[in-house]
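# Geometric and topological summary
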Amino acid sequence: MRPFSKSFFIAHILMAALIILIHIPGQKSVEDPKAFFAGIVVIELIYLYQLVRKRKSPLALSDIMIILWSILLLWEISTTQLNLMHPVLVPSPENVFHVFATQYDVLLLGVLSSMELLLVGVLFGIGFGVGLGLPVGWIPRLRDIFYPIANVLTPIPPVVFAPYLIALMPTFRSASAVVIILTIFWPTFLSIIIRVNSIEPRILDSARVLNVSNRTMIRKILLPYVIPSVISGLKVTITTSVMMLTFAEMMGATSGMGFYIINYTHYANYTNVVAGIILVGIVVTVLNWLVNIIQIKTIKWH
Amino acid sequence: MSIIDIFHLTFSYKNNNRYETVLSDLNLQIKEGEFVCITGHSGCGKSTLLNILAGLLLPSSGRVVIDGNPLTGPGTERAVVFQHDSLFPWMTARKNVLFGIQQARRELKKSEAEELAEVYLKKVGMEKAMDKYPYQLSGGMQQRVAIARALAMDSKILLLDEPFGALDAKRRKELQQLLESLWDSGNGKKTVVFVTHDIEEAILLADRILFMRPGRIEADMMVPFSRPRTRNREKILSSMEYKLLKNKLTDLFYLDFDLELEENEAL
C-alpha cells in the first residue's frame, strides 16, 4: 500500500488552502467559520481512518478527496471570498455548517422522527412482503391468483398515490407509514414469489425427499433460502424508502427531514435547505453502511 | 419377500411435442435387505428409475409398490443421497442431520434427536466438523454428512444416485468402505438401491447388479463374494470371479457402444 501518493499530497494542499481561505475575511460577511472548520476536520479524519483501516485502493480514496476539497474550495471562493453568487439562493459554506452547529437539536429530532417512520415502514413492508410472498410463491393455487395481481400493482409508482393516501388517512404519520409500507411491500412480495419459483432444483429435491410439510417447507427451507436476497435488496429498498419518506414528509408533515427542508424552502431560507439536503445524504450513507454490517453479520453460511 | 415391486413401469415426458420414452414396461422386484447397484450408460434411465423410487417423478403408467403400499410421492421410509449438494447450505452439518431425523422420526424428543445426530456424524468420521456449514466442507465430507443424515433417518430403503461420482479415487474408496461397514453393521439390514456407472464400485458393493439399456433392464446378475468386501478389496479384485463379472459387465457396456457405432455407420 502506498498511501502517500501524489494524490495524497494534492488533497492535503487543497485542504490547507481551504482552511487558510476560511480564516481570511472575504467580500461577504458570514457566520463564525468554526463549524465549517470542524466539518473539514471530521471529513479529514474519516478519510484518514479509511486510508489506514480499509484495503480499498488508497489512490481512488485520495482522488475522491481531491474532488471533494475542490468542490468545497470552489463553493468557498465563489460565495464568501468573491461573492459571485446570488446571496439568497447560494448560501456560503460557513453559514450552512453553522446551521449544523446551532440547530443540531432540531435536525436530530427531525432525523429521529424520519427514522421512526422508516423503521416501521421497512419492518412491516418487508415482514408482509416475505411473510405473504413465501406461501403465495410456494402454493400453486395462491400463486396463480396473486402473481398476476402483484404484477399489475407493483409498477404503480408510490409517488402517484402518496398524496391521495395522505388525504385519505386520519393522521399524517399513519399516511406516511402506509406509503412506505406499500413502497417496500409490492417489490418485496413480487421478488419473493419469483425467487421461490426459481429455487435451485437440488435444494427443492432434497427438501421434497424428506417429505416436509408446507409449513416446514416455508419456515425451514424457503425462508432461509430467500433471506440473503432480501438483505442484499435492502440497500435499494432503504434508498427508495428514504426517497418516498422525504417526499411524503414534504406533502404535509410537521416533523422529519423532509418537513425541515420544505418548511425552510417556503421561507426561502436556502441556507437551512442546503444543510437539510446534506443531512439527508449523510443519513442515507449511514443507513447503507448499517445494511452492509447486517449483511456481513447475519449471513454466515456462504 | 420383496420390499420394492415394480410392475410394467413406463416413464415418458413431452419434449417439443414429442413423447420421449425413458423407461418402458420395466419390471423389477427387490428383496428386503438387498444391496442393488443399477448401472449403464448415461441416458439409460437409471437416474430416472431412482427418482421415481424417491417419489420425485411419477410413473406415466405401471405400478410401483413400496413395502406393501402403492407409491404416491416422497416418503421418509426412503432416504435419498444425491451426487452432490444434498445438504441445505444454511444449516451446519449437525443441523442438516438433525433436520432429517426430525422429519423422519417425529416420535423422538429434540434432545434424543440431537444425540442421534451426533452419534451418526461420529460414525461417518465428522465429529470434528459438526458445526461447519456445507461450504466449509470438501465434497467428500459433504457426502459423509449426507450419508449420516440418510442413515440417521432410519429409513428402510436407501436410494443413492451416484453418491461418490464427484469424488477422487481415494475419497471414493474410503466412502465405499464406510458405506459397506455401516450398511453391514446396522440391526436389520437396509435395502439399498445404488446408481453408479463405475463397474468396480458396483461389483464391490452390490449383492445384485442390474445393467440397464435405454428404457429396460438388460441383465440382472448376482455377486457372489462374501462380506466385508471393501476391506479385502485387493483380494477380491485379483480373484477369478471378479474378472469374469467385470468382463461380463464390460462386454455389456461395449456391446452397447458397438451397436451405436453400427447405427451411426448405417446412417
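Everything in this summary refers to the structure shown in the same document.

### Some remarks on the overall build of chain A
Looking only at helices and strands, chain A features twelve helices and zero strands. Whereas a compact globule of 302 residues would reach a radius of gyration of roughly 19 Å, chain A reaches 24 Å, over 25% beyond that. Oriented by its inertia axes, the alpha-carbon framework of chain A measures out at about 75 × 55 × 30 Å. Counting only contacts in chain A whose residues sit at least 6 apart along the sequence, the fraction spanning at least 24 positions is 76%. Of the roughly 16,100 Å² of accessible surface on chain A, 72% is carried by carbon and sulfur atoms. Looking at charge distribution, chain A has the averaged site of its 20 positive side-chain charges lying 17 Å from that of its 12 negative ones.

### Digging into the interface of chain B and chain A
With 24 residues of chain B at the interface, the matching set in chain A holds 18 residues. Roughly 2,000 Å² is buried in total at the junction of chain B and chain A, and carbon and sulfur atoms are behind 68% of that figure. Where chain B touches chain A, the interface holds zero salt bridges. Looking at the side of chain B that touches chain A, the elements that each hand over two or more residues are strand 6 (78–81) and helix 2 (93–104) of chain B. At three residues, helix 2 of chain B tops the list of elements feeding residues into the side of chain B that touches chain A.

### Looking at the pairing of strand 10 (residues 216–222) of chain B
Remember that side chains alternate between the two faces of the sheet whenever the strand is regular. All names here are of chain B. As paired strands, strand 9 (residues 208–213) and strand 10 are joined by six bridges and run antiparallel to one another. Looking across to strand 10, one finds that isoleucine 209 is bridged to methionine 221. Turn length for the strand 9-strand 10 hairpin, with the two strands adjacent in sequence and antiparallel, is two residues, and the turn residue glycine 215 shows positive phi of about 95°.

### Remarks on the packing of helix 3 (residues 58–81) of chain A against helix 4 (residues 93–102) of chain A
Between two packed helices, the angle of one axis relative to the other and the distance separating the axes together describe the packing. Residues and elements named next belong to chain A. Packing of helix 3 against helix 4 brings their axes to within 8 Å, and their N-to-C directions diverge by 100°. Comparing the axis directions of helix 3 and helix 4 gives the class roughly perpendicular. Here helix 3 contributes Trp75, Glu76, Thr79 and Thr80 to the contact with helix 4, which in turn contributes Pro93, Glu94 and Val96. When grouped by side-chain class, the residues that make up the contact of helix 3 with helix 4 number three nonpolar, two polar and two charged.

### What about the packing of aromatic side chains?
Scanning the model with the defined rule gives 17 aromatic pairs over all chains in all. Relative to Phe97(A), the ring of Phe36(A) lies with its centre 4.9 Å away and its plane at 40°, an arrangement referred to as tilted. One end of the pair, Phe36(A), is in helix 2 (residues 34–53); the other, Phe97(A), is in helix 4, with 61 residues separating them in the sequence. Take Phe97(A): its relative accessible area is 13%, and that puts it in the buried class. Their ring planes at 75° and their centres at 4.9 Å tell us that Phe185(A) and Trp186(A) sit as a pair that is edge-to-face. Here the two residues Phe185(A) and Trp186(A) agree in accessibility, since each one is buried. Connected via pairs of aromatic rings, a cluster forms that spans Tyr225(A), Trp301(A), Phe88(B), Trp90(B) and Phe99(B). Note that Lys123(B) overlies the ring of Tyr120(B), its terminal NZ or CZ placed 4.6 Å from the centroid.

### Notes on the sheet that holds strand 5 (residues 69–70) of chain B
All names here are of chain B. Read across the open sheet, the four strands follow the order 2-1-4-5; overall the sheet is antiparallel. Sheet topology places strand 2 (18–31) and strand 5 at the edges, where each strand pairs with a single neighbour. Where strand 1 (residues 2–15) and strand 2 come together, ten bridges link them in antiparallel fashion. Its bridge partner being in strand 2, aspartate 5 is matched across the sheet by glutamine 29. Contacts from helix 1 (residues 46–54) reach strand 1, strand 2 and strand 4 (61–66), with the element oriented near 115° to strand 1.

### Observations regarding the pairing of strand 3 (residues 35–40) of chain B
Residue and element names in this part refer to chain B. With respect to burial, strand 3 is a largely interior element, six of its six residues being buried. Going residue by residue along strand 3, you find Phe35, Cys37 and Thr39 tucked away on one face and Val36, Ile38 and Gly40 tucked away on the opposite face as well. With four bridges connecting them, strand 3 and strand 8 (residues 191–195) associate as parallel partners. By the bridge assignment for strand 8, phenylalanine 35 is matched with valine 192. The sheet contact formed by strand 3 and strand 9 spans five bridges and is parallel. For cysteine 37, the partnering residue across the bridge sits in strand 9 and is isoleucine 209.

### Digging into the side chain of Ser113(A)
Residues and elements named next belong to chain A. For serine 113, the location among the structural elements is in helix 5 (residues 104–138). Using a relative accessible area of 10% as the deciding quantity, one classes serine 113 as buried. Those residues in contact with serine 113 that lie beyond four places of it in its chain are Arg173, Ser255 and Gly256.

### Topic: the side chain of Ser5(A)
Residue and element names in this part refer to chain A. Relative to the helices and strands, serine 5 resides in the segment before helix 1 (6–23). Of the residues examined, serine 5 reaches a relative accessible area of 6% and is grouped as buried. Apart from the residues within four sequence positions on either side, serine 5 is in contact with Leu59 and Ser62.

### A short note on the nonpolar core
Core analysis: the biggest nonpolar cluster contains 129 residues, and Trp69(A), Phe88(B), Phe194(B), Ile203(B) and Ile209(B) have the highest contact counts within it. Considering each element in turn, this core owes the most residues, twelve residues, to helix 10 (residues 214–252) of chain A. With sequence-adjacent residues up to four places away left out, Phe194(B) is seen in contact with Phe35(B), Val36(B), Cys37(B), Ile38(B), Leu160(B), Pro163(B), Phe164(B), Leu179(B), Glu201(B) and Leu205(B). In terms of nonpolar packing, the next biggest core, distinct from the first, is built from 31 residues, Val209(A), Leu71(B), Leu159(B) and Leu210(B) among them.

### Remarks on the state of the cysteines
All names here are of chain B. The full count for this structure, using the stated rule, is zero disulfides over all chains. Cysteine 37 takes part in no disulfide bond, and the closest cysteine sulfur to it belongs to cysteine 44, at a distance of 13 Å. By relative accessible area, which is 2% here, cysteine 44 ends up buried.

### So, the sheet that holds strand 3 of chain B
Residues and elements named next belong to chain B. In spatial order, the strands read 6-7-8-3-9-10; together these six strands make up an open sheet with mixed pairing. Each edge of the sheet is formed by a strand with only one pairing partner; in this case those strands are strand 6 and strand 10. Taken over all neighbouring pairs, the strand axes of this sheet differ in orientation by 20° on average, direction set aside. Packing of helix 1 onto the sheet brings it into contact with strand 3, strand 6, strand 7 (157–161), strand 8 and strand 9, and relative to strand 7 it is tilted by some 145°.

The rules we used
- Residues numbered from 1 in each chain as written.
- Chains lettered and ligands numbered in written order.
- Predicted model: local features only at pLDDT ≥ 70, side-chain atom pairs only at ≥ 80, totals over all residues.
- Heavy atoms only, no water.
- Helix = DSSP H or I, 4+ residues; strand = E, 2+ residues; numbered from the N terminus.
- Rg over C-alpha atoms; globule rule 2.2 N^0.38 Å.
- Contact = heavy atoms within 4.5 Å.
- Areas by Shrake-Rupley, 256 points an atom, 1.4 Å probe, with all protein chains shown as cover.
- Lys, Arg positive; Asp, Glu negative; His and termini not counted.
- Charge placed at Lys NZ, Arg CZ, Asp CG, Glu CD.
- Buried area = accessible area lost by both parts, 1.4 Å probe.
- Salt bridge = Lys/Arg side-chain N within 4 Å of Asp/Glu carboxyl O.
- Pairing = 2+ DSSP bridges.
- Axes fitted to C-alpha atoms, helices over the stretch in contact; angles between N-to-C directions.
- Parallel < 35°, antiparallel > 145°, perpendicular 65-115°, else oblique.
- Nonpolar A, V, L, I, M, F, W, Y, C, P; charged D, E, K, R; others polar.
- Phe/Tyr/Trp six-rings, centres within 6.5 Å; stacked < 30°, edge-to-face > 60°.
- Buried < 20%, exposed > 50% of the residue type's maximum accessible area, 1.4 Å probe, protein only.
- Lys NZ or Arg CZ within 6 Å of the ring centre and 35° of its normal.
- Core = buried A, V, L, I, M, F, W, Y, C linked by side-chain atoms within 4.5 Å.
- Disulfide = S-S within 2.5 Å.

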